[in-house]
Amino acid sequence: MKLKEKYIQISMVIITLVMTILRFLLNEKGRVTPDSIRYMRFADALPTIDNTITPLGYPLSIRFFTYFAFDEFWSSKIVGIISFLLIIIFAWKKDFYLKESIVVCSFLSFVSIFSATLSEALMLPFIFILMYVSNCIIQKKWTKTKSILCLTLSLILIFNIRYSALFMIGGVGLFGLLSFRKNYAMIFITSASLAVVYIVLYKFLFIDQFNQNYVNQVLEIGLKPTSQLLTELFQGLATSFNPFIHMSNPNGGIINYGIYGIGILNISLIVFLFVKNKLTETEKFIILLGVSGIICSYFVQYFYGIDPLDYRLLAPFTFPIWLVYLKKVFEIFRLKTYTIGVLSLLSGMVFTWLSKGFYLENRKEISIFLKSEKLENSPLLFYVDDVEDLEKVQIAELISTVNPKVKFTFKPQDTLQKTTITTYKVLQKIKIDKNKYQ
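How each quantity is defined
- Residues numbered from 1 in each chain as written.
- Predicted model: local features only at pLDDT ≥ 70, side-chain atom pairs only at ≥ 80, totals over all residues.
- Heavy atoms only, no water.
- Helix = DSSP H or I, 4+ residues; strand = E, 2+ residues; numbered from the N terminus.
- Contact = heavy atoms within 4.5 Å.
- Areas by Shrake-Rupley, 256 points an atom, 1.4 Å probe, with all protein chains shown as cover.
- Lys, Arg positive; Asp, Glu negative; His and termini not counted.
- Charge placed at Lys NZ, Arg CZ, Asp CG, Glu CD.
- Expected span 1.5 Å × (residues − 1).
- Bend = angle between axes of the 7 residues up to and from the residue.
- Phe/Tyr/Trp six-rings, centres within 6.5 Å; stacked < 30°, edge-to-face > 60°.
- Buried < 20%, exposed > 50% of the residue type's maximum accessible area, 1.4 Å probe, protein only.
- Lys NZ or Arg CZ within 6 Å of the ring centre and 35° of its normal.
- Salt bridge = Lys/Arg side-chain N within 4 Å of Asp/Glu carboxyl O.
- Pairing = 2+ DSSP bridges.
- Disulfide = S-S within 2.5 Å.
- Axes fitted to C-alpha atoms, helices over the stretch in contact; angles between N-to-C directions.
- Left-handed = near helix turned anticlockwise from the far one by under 90°.
- Nonpolar A, V, L, I, M, F, W, Y, C, P; charged D, E, K, R; others polar.
- Polar contact = N/O pair within 3.5 Å; in protein donor to acceptor, adjacent residues only side chain to side chain.
- Patch = residues over 30% accessible without salt bridge, like charges linked within 9 Å, V, L, I, M, F, W, Y side chains within 5 Å.
- Core = buried A, V, L, I, M, F, W, Y, C linked by side-chain atoms within 4.5 Å.
- Parallel < 35°, antiparallel > 145°, perpendicular 65-115°, else oblique.

Undergrad: Provide a residue-level description of the overall build of the chain, including the pertinent values.
TA: Regarding its fold elements, the chain presents 19 helices and three strands. Counted over contacts in the chain with a minimum sequence separation of 6, partners at least 24 positions apart contribute 76%. Accessible surface, the chain: about 20600 Å² in total, of which carbon and sulfur atoms supply 66%. Side chains of the chain give 45 positive and 30 negative charges; the mean places of these two sets differ by 10 Å.

Undergrad: Which residues make up helix α10 (residues 185-210), and what values go with them?
TA: In a regular helix each residue adds 1.5 Å, so 26 residues correspond to 38 Å; α10 covers 37 Å between its end C-alpha atoms and thus fits that length. Residue K203 marks the point of greatest curvature in α10, where the axis turns by about 35°.

Undergrad: Run through the packing of aromatic side chains, naming residues and quoting values.
TA: Following the criterion strictly, the structure yields 39 aromatic pairs and no others. Judged by centre distance (6.1 Å) and plane angle (75°), the ring pair of W74 and Y359 falls under edge-to-face. Highlighted residues: W74 in helix α4 (residues 72-94) and Y359 in helix α17 (residues 359-372), separated in sequence by 285 residues. You can call W74 partly exposed: its relative accessible area is 26%. Residue Y359 is classed as buried on the basis of its relative accessible area, which comes to 0%. Ring-pair connections join several aromatic residues into one group, and the members of that group are F90, F96, Y97, F110, F128, Y132 and F319. Lying over the aromatic face of Y39, R38 brings its terminal NZ or CZ to 6.0 Å of the ring centre.

Undergrad: So, the pattern of salt bridges: which residues are in play, and what are the values?
TA: Inspection of every chain in the model, using the stated rule, returns 17 salt bridges. The shortest N-O distance in the salt bridge between K203 and D208 comes to 3.1 Å. Residue class for K203 comes out partly exposed when judged on its relative accessible area of 25%. Among the ionic contacts, a cluster of salt bridges with common partners joins D35, R38, E120, R162, D307 and R312.

Undergrad: Just give me the short version of the pairing of strand β2 (residues 406-409), but keep the residues and values in it.
TA: Here strand β1 (residues 380-383) pairs with β2 via four bridges, running parallel. Bridge pairing links F382 to F408 in β2.

Undergrad: Just give me the short version of the state of the cysteines, but keep the residues and values in it.
TA: What the rule picks out here adds up to zero disulfides. Here C136 stays free of any disulfide, with the sulfur of C150 as its closest cysteine sulfur at 8.5 Å.

Undergrad: Any details on the packing of helix α7 (residues 120-138) against helix α14 (residues 281-299)? Residues and values, ideally.
TA: At their nearest, the axes of α7 and α14 sit 9 Å apart, and the two run at 145° to each other. Every pair of crossing elements has a handedness; the one defined by α7 and α14 is right-handed. When α7 is examined against α14, the residues L130, M131, S134, N135 and I138 are found in contact with a partner set consisting of E281, T282, F285, I286 and L289. Classifying every residue of the contact of α7 with α14 by side-chain character gives six nonpolar, three polar and one charged.

Undergrad: With reference to specific residues and values, describe the side chain of R363.
TA: Topologically, R363 is positioned in helix α17. In this structure the side chain of R363 is engaged in a polar contact, spanning 2.5 Å, whose partner is the side chain of D71. The contacts of R363, once residues within four sequence positions are left out, are D71, F73, W74, L398, T401 and V402.

Undergrad: An account of unusual backbone geometry is needed here, citing residue identities and associated values.
TA: Most peptide bonds adopt trans geometry, and most residues besides glycine take a negative phi value. With an omega of 10°, the peptide bond running from L46 to P47 counts as cis. Here P47 is to be found in the loop between α2 (34-45) and α3 (57-66). For R31, which is not glycine, the phi dihedral falls at a positive 60°. Its place among the elements puts R31 in the loop between α1 (2-25) and α2. Among the residues examined, R31 registers a relative accessible area of 11% and is labelled buried.

Undergrad: Please give an account of a nonpolar patch on the surface that cites residues and values.
TA: Together, L3, Y7, I10, I14, V18 and L22 make up a nonpolar patch on the protein surface, roughly 570 Å² of accessible area in all. Tracing the backbone shows Y7 in helix α1.

Undergrad: Go over the side chain of E283 with me, naming the residues and quoting the values.
TA: Here E283 lies in helix α14. Those residues in contact with E283 that lie beyond four places of it in its chain are Y97, K278, V324, K327 and K328.

Undergrad: Which residues make up the environment of V18, and what are the values?
TA: Here V18 shows up in helix α1. Spatially, the C-alpha atom of V18 lies 14 Å from that of W353, the residues being 335 residues apart in sequence.

Undergrad: Could you give an account of the nonpolar core, naming the residues involved and the relevant values?
TA: Counting 98 residues, the largest nonpolar core has F110, F128, M131, F188 and F319 as its most contacted members. With 14 residues, the top contributor of residues to this core is helix α15 (residues 311-333). In this view, M131 contacts F96, I286, L289, F319, P320 and L323; residues no more than four positions away in its chain are not counted. Listed in part, the 23 residues of the second largest apolar core include V384, V393, I395 and I421.

Undergrad: Kindly report on the sheet that holds β2, identifying the contributing residues and their values.
TA: If you walk across this open sheet you meet the three strands as β2-β1-β3, and the pairing is parallel. Strand pairing shows two members of the sheet lacking a second neighbour, β2 and β3 (420-421), which therefore form its edges. Pairing of β1 with β3, which is carried by two bridges, proceeds in the parallel orientation. Residue pairing for β3: L381 is matched across the bridge by T420. Along the sheet face, helix α18 (residues 390-400) touches β1, β2 and β3 and points at about 165° away from the line of β1.

Undergrad: Give a description of the packing of helix α13 (residues 254-276) against α15 that names residues and reports values.
TA: Contact geometry of α13 with α15 gives a least axis separation of 10 Å together with a crossing angle of 70°. On the basis of the axis angle, α13 is roughly perpendicular to α15. Only I321, W322, V324, Y325, K328, V329 and I332 of α15 make contact with α13, whose side of the interface consists of N266, L269, I270, L273 and F274.

Laid out in structure tokens, this is it:
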């Protein structure tokens, strides 16, 4: 039985790796977003600080691989692949949620994250390490000093990849408070407190040095009504907990009932299994980490502008919950549980093929355009009147994979400059192969 399971695991890891690569190669813009443009531009500018909207961790990781003759785009893909492999290798070495990690990472939503130029990919392995560290603390495997040091460093590392790690720091502190009668409670409280001290210092010593008005610029009350936020939360959770399809049809339709239905059914099963089965202290911590993160992600939208909650933004918090959930499912169905991952990979293959666009062809075309305009290495402005206009923005996204020095401009007068690019100017000279779905 163990030999058979080993072959299943190896096969799934290999297929997931191949799917991750195909996911961005069969995408017309290589799985990049407006956020990706900022990350790659930041990485290209280092050691100059381009902005403080994002921490240094992810851009630094991209920058590191550029020293091996890769550009920022390919470096970001290497970071995503290594992030996936790091989870699997760490889980295997430590014998910690290995089966569950293999299945979760095979889900199309997580394949999409590892294949994208986004910081969530790098965040996930460090969240996994945080869970392992916490498990060692709860099981009293380490001394108090080592426990505080490792837990604090884990929290600080995650914060330096994404600011949303603040929610995880809150979850760690909350777990300590709820476990105040346990002898490890002060370890969690102390580590969370030290991480908060680091964040305060980070704010004054890093953010304020480059943008003293950062907090005032990003905080705004009443950005969206509660009715809209609740709808987006429902849609985000329903798609995040659907192991087969991670996005709904933006135009609506009956297919969305099926997509949301699977997600809601799965959430119901998660709640049922967590209530029915006795949870270990480590499992309670992992679930609290995920649930508190989702709750905080929702409420922060009342005064901090972020994209609508979806599988990507919720991934750092759904990931821990998925692991505990699948552990319970494995206890019931054993090897049959791998079927969920296999079906997700199959649905991912179908989705990727049906919506295919050829990135390498588009990269070639955009490279020819930039060279003809002598703009392949120049700082560029891309004019767009609405950053939500995906048809126009995807040209900028594609350009950034060849030349990361791209910034958006909303001023029509800027289009008179030679270094300002518009969608019309590009499509007048080249043809872009487009996906049917974003």
